[in-house]
Amino acid sequence: EAHIAKYKRLVQHYLDRTVVWGRARWGTFAGLLVLYIIRVFLKEGFYVVTYALGIYLLNLLINFLSPAVDPETSDDPGLPMRDGEFRPFTRKLPEFKFWLAGTRAVLMAMVATCFDMFDLPVFWPILLAYFILLFVMTMKDRVKHMIKHKYIPFSMGKQTYGELTKVKVPGQKGGKDDK
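A separate point is a nonpolar patch on the surface. Nonpolar side chains collect at one region of the surface, where Trp124, Leu128, Ile132, Phe135 and Val136 lie side by side and expose about 460 Å² of accessible area between them. Position of Leu128 among the secondary structure elements: in helix α5 (residues 124–149).

Okay, structure coming up:
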């Protein structure tokens with residue numbers, strides 16, 4: 001019991017340290033996904049595992065693109081309703097949790113490819129066609145929802161006014177007027 005708690009704290013410590021390394025995290029995820037795809041291609045099997053992984057990642061993506069509070073079901077829309085009002089986009093699934101869940105799913109799918117009991121015989125083009133259809137339909141609905149409620153799932157931050165708001169200290173070097 002104590003060893004498990006110590007291990008969980010250690011894992012959480014290292015996960016907390018990766019929060020600031022967004023590009024490295026997503027690069028690692030992409031690398032693992034490519035390795036998984038190569039493994040499935042070379043093994044010529046595990047299409048059901050791959051389909052399940054794709055559906056799970058699609059579900060994560062939909063939750064990542066969805067607002068935390070759905071404007072259709074709540075009194076507080078959570079989205080900016082007036083022009084000029086700044087509200088950052090609050091997601092149903094934060095980026096870090098999206099990355100963590102996706103990485104765990106790819107790793108679990110990779111482990112599943114080590115066991116032949118998960119290599120079920122299936123005609124893979126049907127699974128691929130159904131996945132593409134499902135992806136197109138769900139993304140179409142998500143885009144319609146974004147257009148209807150006038151939101152973009154990526155916050156760019158507040159508008160800044162560049163050079164107008166910077167304080168210039170007299171006598172300090174490094175300005176564009178210095179020679």
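A word on the nonpolar core. Judged by nonpolar contacts, the single largest core of 28 residues is most densely connected at Tyr36, Val49, Leu53, Leu60, Trp99 and Val106. The set of elements that each furnish at least two residues to this core consists of α2 (22–43), α3 (47–65), α4 (95–112) and α5. A total of ten residues in this core trace back to one element, the largest contributor, which is α4.

Moving on, we come to the packing of aromatic side chains. Per the stated rule, a full pass over the model turns up six aromatic pairs. Between Tyr47 and Trp124 the ring centres are 6.0 Å apart and the planes differ by 35°, which places this aromatic pair in the tilted class. In this pair, Tyr47 is assigned in helix α3 and Trp124 in helix α5, connecting sequence segments 77 residues apart. Between Phe96 and Trp99 the ring centres are 5.5 Å apart and the planes differ by 45°, which places this aromatic pair in the tilted class. Of this pair, Phe96 and Trp99 both sit in helix α4, three residues apart, which is roughly one turn of the helix. Given the relative accessible area of 8%, Trp99 is considered buried.

With that settled, consider unusual backbone geometry. With phi around 50°, Glu44 is a residue other than glycine that occupies positive phi space. You can see Glu44 is positioned in the loop between α2 and α3. The backbone of Phe46 sits at a positive phi, close to 60°, despite the residue not being glycine. Along the chain, Phe46 falls in the loop between α2 and α3. Exposure remark for Phe46: the relative accessible area of 1% places this residue in the buried category.

Moving on: the side chain of Arg25. By the secondary structure assignment, Arg25 is in helix α2. Judged by relative accessible area, which is 5%, Arg25 ranks as buried. A distance of 3.1 Å separates polar atoms of two side chains, one belonging to Arg25 and the other to Glu95. Not counting residues up to four positions away in its chain, the partners in contact with Arg25 are Thr18, Val19, Glu95, Phe96 and Trp99.

Cut-off values and rules
Sequence positions are assigned chain by chain, starting from 1 and proceeding in written order. Local features are withheld for residues below a pLDDT of 70 in this predicted model, meaning they are given only at 70 or higher, and side-chain atom pairs are given and counted only at 80 or more; totals for whole chains, interfaces and linings count all residues. To get the side-chain values, take all heavy atoms of the structure and skip hydrogens and water. Put simply, a patch holds well-exposed residues, over 30% relative accessible area, that have no salt bridge, with like charges counted together within 9 Å and Val, Leu, Ile, Met, Phe, Trp or Tyr side chains within 5 Å. Here the open area of atoms and residues is found with the Shrake-Rupley method and a 1.4 Å probe, where only the protein chains shown may cover a residue. In what follows, salt bridge is the name for a side-chain nitrogen of Lys or Arg lying within 4 Å of a carboxyl oxygen of Asp or Glu. Helix and strand definitions here come from DSSP, where helices need a minimum of 4 consecutive H or I residues and strands a minimum of 2 consecutive E residues; each element is numbered from the N-terminal end. What is meant by a nonpolar core is a set of buried Ala, Val, Leu, Ile, Met, Phe, Trp, Tyr and Cys residues, joined one to another through side-chain atoms within 4.5 Å. Each residue gets one of three labels from its accessible area relative to the maximum for its type: buried under 20%, exposed over 50%, partly exposed in between, using a 1.4 Å probe on protein chains only. Side-chain rings of Phe, Tyr and Trp (the six-membered ring for Trp) are treated as a pair once their centres are within 6.5 Å; stacked means planes under 30 degrees apart, edge-to-face means over 60, and tilted covers the remaining angles. Residues adjacent in sequence count toward polar contacts only when both atoms are side-chain atoms; beyond that, a polar contact is any pair of N or O atoms within 3.5 Å, and within protein one must be able to donate a hydrogen and the other to accept it. Contacts between residues were defined by any pair of non-hydrogen atoms, one from each residue, lying within 4.5 Å.

In short, shape yes, function no, at least from these values alone.
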